[in-house]
Amino acid sequence: MAGVLVLNASYEALCVVSTHRAIGLVVVGKADVVLETATFLHSARLTMAEPSVIRLRYFVRVPHLRRVAPTKRAIFARDQYRCQYCGAPAENVDHVIPRSRGGPHRWDNVVASCRSCNSRKRDRLLSETNFVLHRQPQVPRGRTSAIILLGLVRDEWMPFLDYEFSSTERPFQELSG
């Protein structure tokens, strides 16, 4: 059993819960099933399709959004596991402004890179090399980004997630200016 995407009454993505928790919410009438999988779950008195997406019947006010730390796993997910310099599969993270030159370890200064690009760039600035970023590093925003960066996302969830780096986007867009 995999996770289930939970939507607010307004169809805003809230979190991912276990299938067991999702079924409990549906059975007691707190949520409705929006999408189901092909798998059926059986109990002594009930047979139902395993939910993939559920929607709460009442609106939940979310007081604040949790920030996701710029971990290696999260940076790889943001950059689609691709080197931001050449497009090869990423194996390392690189600080655009090197830490040895005072660059911080923040979302807007760290990108995924392959070993070759990371070792060729060394501790130099982009202006001192011939490297060009395919996409400017950005801080992920909103609850949707936290859902995507912290776990696996099923393809059928994408219409409910307003994430700017979705799988339908071209992997690398040239920066303007």
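Thresholds, definitions, all that
Residues numbered from 1 in each chain as written. Predicted model: local features only at pLDDT ≥ 70, side-chain atom pairs only at ≥ 80, totals over all residues. Heavy atoms only, no water. Helix = DSSP H or I, 4+ residues; strand = E, 2+ residues; numbered from the N terminus. Buried < 20%, exposed > 50% of the residue type's maximum accessible area, 1.4 Å probe, protein only. Contact = heavy atoms within 4.5 Å. Areas by Shrake-Rupley, 256 points an atom, 1.4 Å probe, with all protein chains shown as cover. Pairing = 2+ DSSP bridges. Axes fitted to C-alpha atoms, helices over the stretch in contact; angles between N-to-C directions. Patch = residues over 30% accessible without salt bridge, like charges linked within 9 Å, V, L, I, M, F, W, Y side chains within 5 Å. Salt bridge = Lys/Arg side-chain N within 4 Å of Asp/Glu carboxyl O. Core = buried A, V, L, I, M, F, W, Y, C linked by side-chain atoms within 4.5 Å. Phe/Tyr/Trp six-rings, centres within 6.5 Å; stacked < 30°, edge-to-face > 60°. pLDDT = per-residue confidence, 0-100.

Novice: Got a minute to help me understand the overall build of the protein chain in this structure?
Specialist: Each helix and strand in the protein chain was counted, giving 4 helices and 6 strands. When the helices and strands of the protein chain are listed from N to C terminus, the series reads β-β-α-β-β-α-β-β-α-α. The burial tally for the protein chain puts 41% of its 177 residues in the buried class. Counting only contacts in the protein chain whose residues sit at least 6 apart along the sequence, the fraction spanning at least 24 positions is 61%. Carbon and sulfur atoms make up 53% of the accessible area of the protein chain, which totals about 10500 Å².

Novice: In this structure, what is going on with the sheet that holds strand β3 (residues 31-42)? I would like to understand it.
Specialist: In a beta sheet, neighbouring strands are held together by backbone hydrogen bonds and run either parallel or antiparallel to one another. A sheet is described by the order of its strands in space; here 4 strands give the open sequence β2-β1-β4-β3, paired in mixed fashion. Two strands in the sheet have a free side with no partner beyond their single neighbour: β2 (13-17) and β3. Going across the sheet, the axis of each strand differs from the next one's by a mean of 35 degrees, ignoring polarity. Across 4 bridges, strand β1 (residues 4-7) lies against β2 in antiparallel orientation. Counted as the bridge partner of leucine 5 is valine 16 from β2.

Novice: Please clarify how a nonpolar patch on the surface should be interpreted in this entry.
Specialist: On the surface, Val27, Val28 and Leu46 cluster together into a nonpolar patch covering about 270 Å² of accessible area. Positionally, leucine 46 belongs in the loop between β3 and β4 (47-56).

Novice: Please clarify how the pattern of salt bridges should be interpreted in this entry.
Specialist: If the charged atoms of two oppositely charged side chains come close together, the side chains can form a pair. For the structure on display, the rule yields 5 salt bridges. Here aspartate 32 makes a salt bridge to arginine 57, at a shortest N to O gap of 2.7 Å. One end of the pair, aspartate 32, is in strand β3; the other, arginine 57, is in the loop between β4 and α2 (72-78), with 25 residues separating them in the sequence. Taking relative accessible area as the criterion, aspartate 32 reaches 28% and is therefore assigned partly exposed.

Novice: Teacher, can you tell me more about the pairing of β1 here?
Specialist: Walk down a regular strand and you will see the side chains alternate between the two sheet faces. Burial of the side chains of β1 extends over both faces: Val4 and Val6 are buried on one face and Leu5 and Leu7 on the other. Linking β1 to β2, which pair antiparallel, is a turn of 5 residues; within it tyrosine 11 sits at a positive phi near 65 degrees. Direction of pairing for β1 relative to β4: parallel, over a ladder of 3 bridges. Residue pairing across strands places leucine 7 opposite arginine 55, the latter belonging to β4.

Novice: Looking at this structure, I do not really get the nonpolar core. What am I missing?
Specialist: The nonpolar side chains of a soluble globular protein tend to be buried with one another. The biggest cluster of nonpolar side chains holds 13 residues, and the ones touching the most others in it are Val6, Ala31, Ile54 and Leu56. Secondary structure elements with two or more residues in this core: β1, β2, α1 (19-27), β3 and β4. The contact partners of alanine 31, leaving out residues within four places of it in the chain, are Leu25, Val26, Ile54, Arg55, Leu56 and Arg57. Within the second largest apolar cluster, 8 residues are counted, among which are Cys114, Cys117, Phe131 and Leu133.

Novice: I keep staring at the packing of aromatic side chains and nothing clicks. Help me out?
Specialist: Each aromatic ring pair is described using two quantities: the centre-to-centre distance and the angle formed by the ring planes. In the structure shown here, the tally under the stated rule is 2 aromatic pairs. Summarising the aromatic geometry, the rings of phenylalanine 76 and tyrosine 81 are spaced 6.0 Å apart at their centres and angled 55 degrees between planes, so their arrangement reads as tilted. Its relative accessible area of 11% is what places phenylalanine 76 among the buried residues. By relative accessible area, which is 47% here, tyrosine 81 ends up partly exposed.

Novice: What exactly am I supposed to notice about the confidence of the model for the protein chain here?
Specialist: Interpretation of this model should avoid reading the predicted coordinates in detail wherever pLDDT is low. When pLDDT is averaged along the protein chain, the result is 83; 82% of the residues meet or exceed 70. The spread of mean pLDDT over the elements of the protein chain runs between helix α4 (residues 142-150), the lowest at 64, and strand β6 (residues 110-113), the highest at 95.

Novice: Would you mind going over the environment of arginine 67 with me for this structure?
Specialist: One can find arginine 67 in the loop between β4 and α2. As for arginine 67 and valine 139, which are separated by 72 residues in sequence, their C-alpha atoms are 9.4 Å apart.

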